[in-house]
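Understanding the architecture of this molecule
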Amino acid sequence: MPTSPATYLLHLECAECRAIHPADQEQHLCGCGGVLLARYDLARLASDFPRERLAARPWQSGLWRYAELLPLADPANRVSLGEGMTPLLPLDWLGTELGITVWLKDEGLNPTGAFKARGAAVGVSRAKELGAKTIALPTAGNAGAAWAAYGARAGIPVIVAMPKDAPPLTQREAQLYGARLHLVNGLISDAGAWIAAGVREHGWYDASTFKEPYRLEGKKTLGLEIAEQLDWQAPDVILYPTGGGVGLLGLWKAFEELRALGWLAADRPAPRLVVVQASGCAPVVRAWESGATQTAFWEGAATIAAGLRVPGPLAGGLMLRALRETNGTALAVEDDAIRRAIGELARAGCWVCPEGAALLPALRQLRAAGWVRTGERVVLLNTGAGLVYPDVEPLA
Ligand SMILES: *Cc1c(COP(=O)(O)O)cnc(C)c1O
Ligand SMILES: [Zn+2]
């Protein structure tokens, strides 16, 4: 065993039945249908690697500064376009209004303009390491653009299926990067059915949300970064615009691993996670409010926030578990409130995507209800750039 391994990855564990699967070969879902989670030798990492060593690493290495907590065995397989290490911007004007401290984690600065770059960087790197020949995935738009870009960088063909009415720019991007683009007359769930058929028929590497374990590991770096940027003082609350839930579960997993490593300031609990959805597609909110442990398919999903138009998330039950375990909550906001928030944030210098804009009215609601308390420290996770949605009109 090398003294300084690139990764401490041990194996994959089913989130439902806890079965262990080897990580040194291609894996998708557990036989029971459960999502597989990467597990690391955190005890050994904690004793080998003091957190202070991170501080010496160059900012330019992006999310790869957390290599020990990522699944890649050989750094030569890294496929990078400069993702991660995005700014955590204080929003003093909003903090003053609400009597709290607020930051905006601005993921719009990632390659392809959204936080999907994190999942694609680690997901494509690991697919390359495991010998994938053709990568296939359904998407609401942004994931297709990101995986197409990273696939092009890796030299691996990518097949993307997305709704016909996905943001036009993401369709163009996927094509420009050389991916094969298949448009469906329907939603991401219909695109998923088309991909599943191709996976069965042609043996494509299935990179659908949560059908491979490594996209989650890339998105986990969001939580690692927020913790490091706040000098390991975890925030009280993180609001997250939720579609398939990869970012949400990435945050959950990040803070769990940081706590196990002893890297978080001991007097602070893990952040309360908040699922924010659009009222036109809010399966997690509806399940949360009814006390259910699974989400039900949302009929007639419609919202301008394309990334939130995920009517039947595979990891619905796991998201609800993350909310319970972190004392979090879930709420939905109207598209008009999203449009107003885009304008308001833009006038403060931040042109955010509609998904990220949804967090502003959600935070005001939570504060008015007293769920966010005076003096608390809150992070709004803006998942992408407004530039990706040039046709979405703000409201005054
Ligand atoms: C994909 C996406 C989301 C939702 O992310 P999940 O990880 O699927 O929950 C939110 N915002 C934007 C801009 C996205 O592209
Ligand atoms: Zn299982």
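Residues numbered from 1 in each chain as written. Chains lettered and ligands numbered in written order. Predicted model: local features only at pLDDT ≥ 70, side-chain atom pairs only at ≥ 80, totals over all residues. Heavy atoms only, no water.

**So, the overall build of the protein**
Counting secondary structure elements, the protein contains 14 helices and 13 strands. Against the compact-globule benchmark of 21 Å for 396 residues, the protein has a radius of gyration of 19 Å, which places it among compact chains. Here the protein holds 396 residues, and 62% of them are scored as buried. Summing over all exposed atoms, the protein offers an accessible surface of approximately 14800 Å²; the carbon and sulfur share of this is 52%. Charge centroids of the protein, computed over 38 positive and 40 negative side chains, lie 1 Å from each other. (Helix = DSSP H or I, 4+ residues; strand = E, 2+ residues; numbered from the N terminus. Rg over C-alpha atoms; globule rule 2.2 N^0.38 Å. Buried < 20%, exposed > 50% of the residue type's maximum accessible area, 1.4 Å probe, protein only. Areas by Shrake-Rupley, 256 points an atom, 1.4 Å probe, with all protein chains shown as cover. Lys, Arg positive; Asp, Glu negative; His and termini not counted. Charge placed at Lys NZ, Arg CZ, Asp CG, Glu CD.)

**Brief notes about the sheet that holds strand β3 (residues 36–40)**
What links the strands of a sheet is backbone hydrogen bonding, and the strands pair in either a parallel or an antiparallel sense. As summarised here, the arrangement of the 3 strands in space is β2-β1-β3, forming an open sheet in which the pairing is antiparallel. Only two strands of the sheet have a single neighbouring strand rather than two, namely β2 (20–21) and β3. (Pairing = 2+ DSSP bridges.)

**Considerations on the sheet that holds strand β7 (residues 158–163)**
The strand order across the open sheet formed by 4 strands is β8-β7-β6-β9, and the pairing between neighbours is parallel. At either end of the open sheet lies a strand with only one pairing partner, and these are β8 (180–184) and β9 (205–206). As paired strands, β7 and β8 are joined by 5 bridges and run parallel to one another. Opposite Ala161, over in β8, you have His182 as the bridge partner. Here helix α7 (residues 188–202) sits on the sheet and contacts β6 (135–138), β7, β8 and β9; the angle it forms with β7, its principal contact strand, is near 150 degrees. (Contact = heavy atoms within 4.5 Å. Axes fitted to C-alpha atoms, helices over the stretch in contact; angles between N-to-C directions.)

**Focus: the domain arrangement of the protein**
By domain assignment, the protein separates into domain 1 (9–68), domain 2 (88–114 + 216–388) and domain 3 (116–206). The centre of domain 2, based on its C-alpha atoms, is set 24 Å off from the matching centre of domain 3. Domain 2 puts 21 residues into the contact, and the matching count from domain 3 is 21 residues. A buried area of about 1700 Å², summed over both sides, lies between domain 2 and domain 3, and 60% of it is on carbon and sulfur atoms. Contact with domain 3 buries area across many residues of domain 2, yet Thr112, Arg309 and Val388 alone supply 36% of it, more than any other trio. On inspection of domain 2 and its partner domain 3, the count reaches 3 salt bridges. Here Asp165 ties to Arg309 by a salt bridge, and the two come within 3.0 Å at their closest N and O atoms. Take the side of domain 2 that touches domain 3: its biggest share by element is 6 residues, from helix α8 (residues 214–229). (Domains from an automatic or database assignment. Buried area = accessible area lost by both parts, 1.4 Å probe. Salt bridge = Lys/Arg side-chain N within 4 Å of Asp/Glu carboxyl O.)

**Details of helix α10 (residues 283–290)**
Of the residues making up α10, those classed as buried are Pro283, Val284, Val285 and Ala287. Gly291 sits one or two residues past α10 and shows a positive phi near 75 degrees.

**Digging into unusual backbone geometry**
In this structure, Arg18 takes a positive phi of about 70 degrees despite not being glycine. Examined against the element boundaries, Arg18 turns out to sit in the loop between β1 (9–14) and β2. Look at Asn327: it is not a glycine, yet its phi comes out positive at around 55 degrees. Along the chain, Asn327 falls in the loop between α11 (316–325) and β12 (329–333). Its relative accessible area of 57% is what places Asn327 among the exposed residues.

**With respect to the packing of α8 against helix α9 (residues 246–261)**
Where α8 contacts α9, the axes come no closer than 7 Å and their chain directions differ by 60 degrees. In terms of their interaxial angle, α8 and α9 are classed as oblique. Along this stretch, α8 crosses α9, giving a crossing that reads as right-handed. Residue-level inspection shows Arg215, Leu216, Glu217, Lys219, Lys220, Leu222, Gly223, Leu224, Ile226 and Ala227 of α8 in contact with α9, the latter providing Val246, Gly247, Leu249, Gly250, Leu251, Lys253, Ala254, Phe255, Glu257 and Leu258. Residues that form the contact of α8 with α9 fall into these classes: 11 nonpolar, 3 polar and 6 charged. (Parallel < 35°, antiparallel > 145°, perpendicular 65-115°, else oblique. Left-handed = near helix turned anticlockwise from the far one by under 90°. Nonpolar A, V, L, I, M, F, W, Y, C, P; charged D, E, K, R; others polar.)

**Quick look at the site of ligand 1**
In the neighbourhood of ligand 1, 17 residues make up the surrounding shell, with Lys116, Tyr240, Gly244, Gly245 and Thr383 lying closest. Here an oxygen atom of ligand 1 and a side-chain polar atom of Asn142 are 2.8 Å apart. For ligand 1, whose accessible area on its own is 380 Å², the fraction buried by protein is 95%. At the level of secondary structure, the elements contributing two or more residues to the shell around ligand 1 comprise β10 (237–241) and α9. Tallied by class, the residues present in the shell around ligand 1 amount to 6 nonpolar, 8 polar and 3 charged. (Near = heavy atom within 4 Å. Polar contact = N/O pair within 3.5 Å; in protein donor to acceptor, adjacent residues only side chain to side chain.)

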